[in-house]
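# Structure at a glance
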Amino acid sequence: MSTAEAPGESCRSSAGLHGPSPSSSTPGAEQREKQYRAHRGFGDRRGGVISARTYFYADEAKCDQHMETFLRCIDASGGSSENGFSAIKLTALGRPQFLLQFSEVLVKWRRFFHQMAAEQGQAGRAALEMKLEAEKLQEALANLGIATKAESQHWFTGENLGMSGTVDLLDWNSLIDSRTKLSKLLLVPNMQTGQLEPLLSRFTEEEDLQMKRMLQRMDVLAKRATEKGVRLMVDAEQSYFQPAISRLTLEMQRRFNRDRAIIFNTYQCYLKEAYDNVTVDVELSRREGWHFGTKLVRGAYMEQERERAAQIGYEDPINPTYEKTNEMYHRCLDYILEEIKHNRKANVMVASHNEDTVKFTLHRWVLGRQHGVAGTGGLRDGGGRAELR
Ligand SMILES: Cc1cc2nc3c(=O)[nH]c(=O)nc-3n(C[C@H](O)[C@H](O)[C@H](O)COP(=O)(O)OP(=O)(O)OC[C@H]3O[C@@H](n4cnc5c(N)ncnc54)[C@H](O)[C@@H]3O)c2cc1C
């Protein structure tokens, strides 16, 4: 696709300009996050990206073609190695608009949790350190009209919820999962008005079908990867798609990583929120008993992300300096290596060409082996990848 064509195509496919526009006439439009709205100037997502392929949505047949290509890659990988892997991009499998909208919903619900935590004097804590008092949370839910205290009473008595009278981010996510049916997916709390509001107009029937087909394609790929014993690495993409990509990947991990790590999520350590994302997902895998699999990268979209944030006017999601990104990478890697040490279910691919990172990984690996704690999967190196488990 030419540079001239790409912005229009991307806007149609990921702007919400297809169908009702997110204008002031749309319910909740004034609550829309700038980061999660498509902008014509950034329609061509290839800008400033040299090391990653960009897919544009054409139609459903094209997405099927991409899926067939990915299937052939999985077959080829399975045929040439006993422990192969294959990478996919979710923007190749469906309309990016869905990823954009779903990302916004996830981020809003998470912010709601953080805001509640701040109101309970817990601002600035790491994500997993925030614990909301169930009682106060119930009051807030009642004030927002989400559920009366009587209705929400039993939400906090389940096996995992509020065991100590508190609710953490994982309890909160699982609560949202169970309460938010697909039809209500686009409802988000508005802290100013104290109402639940639709984020956008509902999906049209066709859009709803497109979303389901995207999930079906992911399912087909995950099943084939499982059959062939190939690890499926889901690439991380732009930050405005990433919450949805990461969440959908996590759903696949829950289903397909019961016996071994087949599905790998990618964490971009140039993101300010990388450590919180890694620790929350590792903790979820521990609680639910599945195999955590990750590809750890620094991130390929820095220039585009920064320019977009500056031009559109939202906080830059990227760490302020290269050193901070390095620090973040090693902090996340350290956390996962500790997890491997204590719980052999975790797996990591160190996807980096950075010499310090390779040395850091080797050093930790050798130390681990000396103390008899490194996993048995071994350390393989090549093409910017080292795998540890
Ligand atoms: C096998 C493999 C798979 C990959 N998969 C993905 C993927 O799914 N998604 C993805 O986004 N990328 C992916 N990448 C690319 C990766 O994110 C990096 O862009 C690339 O590898 C360069 O980083 P590095 O660690 O190798 O080296 P380095 O040269 O040490 O790091 C360069 C990176 O540091 C960060 N950086 C540089 N300057 C600054 C600054 N001023 N402030 C903050 N951060 C800064 C940027 O992320 C930049 O790309 C993958 C790379 C490999 C090798």
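What counts and how
Position labels on residues start from 1 in each chain and follow its written sequence. Local features in a predicted model are, by the rule used here, given only for residues with pLDDT of at least 70; side-chain atom pairs are given and counted only at 80 or more, and totals for whole chains, interfaces and linings are based on all residues. Excluding hydrogens and water, the side-chain figures rest on all heavy atoms present in the structure. UniProt positions are given in the numbering used here, feature names are shortened, and annotations may be inferred rather than shown by experiment. Think of it this way: any DSSP run of H or I at least four residues long counts as a helix, any run of E at least two long counts as a strand, and we number them from the N terminus. A 1.4 Å probe rolled over the protein chains alone gives each residue an accessible area, and that area as a share of the maximum for its type sets the label: buried under 20%, exposed over 50%, partly exposed in between. Whether two residues are in contact is decided by their heavy atoms, any of which lying within 4.5 Å being enough. For the area figures, the Shrake-Rupley method with a 1.4 Å probe applies, and any residue is considered shielded solely by the protein chains shown. Per-residue confidence from the prediction method is given by pLDDT, with values spanning 0 to 100. Residues are classed as near a molecule or strand on a simple rule: at least one heavy atom within 4 Å of it. In protein, a polar contact means a hydrogen-donor-capable atom and an acceptor-capable atom, both N or O and within 3.5 Å, with residues adjacent in sequence counting only if both atoms are side-chain atoms; elsewhere, any N or O pair within 3.5 Å suffices. Side-chain classes are defined by residue name, with Ala, Val, Leu, Ile, Met, Phe, Trp, Tyr, Cys and Pro counting as nonpolar, Asp, Glu, Lys and Arg as charged, and the others, Gly among them, as polar. What we call a nonpolar core is a set of buried Ala, Val, Leu, Ile, Met, Phe, Trp, Tyr and Cys residues that are connected through their side-chain atoms within 4.5 Å. An automatic or database domain assignment supplies the residue ranges for each domain. Any two rings among Phe, Tyr and Trp, with Trp reduced to its six-membered ring, count as a pair given centres within 6.5 Å; such a pair is stacked if its planes are under 30 degrees apart, edge-to-face if over 60, and tilted if neither. A ring is scored as having a charge over it whenever the NZ atom of a lysine or the CZ atom of an arginine sits within 6 Å of its centre and within 35 degrees of its normal.

Per an unreviewed UniProt entry, the protein goes by the name Proline dehydrogenase and belongs to Buteo japonicus. According to its UniProt record, the protein has this under Pathway (unreviewed entry): "Amino-acid degradation; L-proline degradation into L-glutamate; L-glutamate from L-proline: step 1/2." UniProt, in the comment section headed Cofactor (unreviewed entry), describes the protein in these words: "FAD".

Scanning the protein from N- to C-terminus turns up twelve helices and eleven strands. A burial count over the protein gives 54% of its 389 residues as buried. Contacts spanning at least 24 positions in sequence make up 74% of the contacts within the protein whose residues lie at least 6 apart. With the model as given, the accessible surface of the protein reaches about 17,700 Å², and the carbon-plus-sulfur share is 50%.

Averaged over all residues, the pLDDT of the protein equals 80, while 72% of them reach at least 70. When the criterion is pLDDT under 50, residues 7-31 qualifies, and its contacts beyond four places in sequence or with other chains add up to 59 contacts. Note that residues 181-186 has pLDDT below 50 and, in this model, 13 contacts with residues that lie over four places away or in other chains.

Around the ligand, the structure places 24 residues, and the nearest of them are Lys295, Gly299, Tyr322, His353 and Asn354. Ala236 places a polar main-chain atom, nitrogen or oxygen, 3.0 Å from a nitrogen atom of the ligand. At a separation of 2.6 Å, an oxygen atom of the ligand approaches a polar side-chain atom of Asn354. In isolation the ligand offers 930 Å² of accessible surface; the protein chains occlude 77% of this area. The class makeup of the residues in the shell around the ligand is nine nonpolar, ten polar and five charged.

Among soluble globular proteins, nonpolar side chains are generally buried collectively. Ranked by size, the top nonpolar core spans 41 residues in total, and within it Trp172, Leu296 and Cys332 carry the most contacts. Of all the secondary structure elements, the ones that give two or more residues to this core are helix H3 (96-119), helix H4 (134-143), helix H6 (169-179), helix H9 (274-288), helix H11 (322-342) and strand S9 (347-351). Take this core: its biggest share by element is eight residues, from H11. There are two domains that each give this core at least three residues, and those are domain 1 (56-96 + 203-388) and domain 2 (100-197). Residues in contact with Trp172, not counting those within four places in the same chain, are Trp109, Phe112, Phe113, Leu137, Leu141 and Val167. Formed by 34 residues, the second largest nonpolar core is a distinct cluster that contains Leu232, Val234, Phe241 and Phe256.

The next point concerns the packing of aromatic side chains. Under the counting rule described, the total for this entry stands at five aromatic pairs. A centroid spacing of 5.7 Å and a plane angle of 10° characterise the contact between Phe98 and Phe102, whose relative ring orientation is stacked. Of the two residues, Phe98 and Phe102 are both situated in helix H3; the distance of four residues between them amounts to about one turn of the helix. Just as Phe98 is buried, Phe102 falls in that class too. The residue whose ring lies beneath Arg331 is Tyr275, and the NZ or CZ to ring-centre distance is 3.7 Å.

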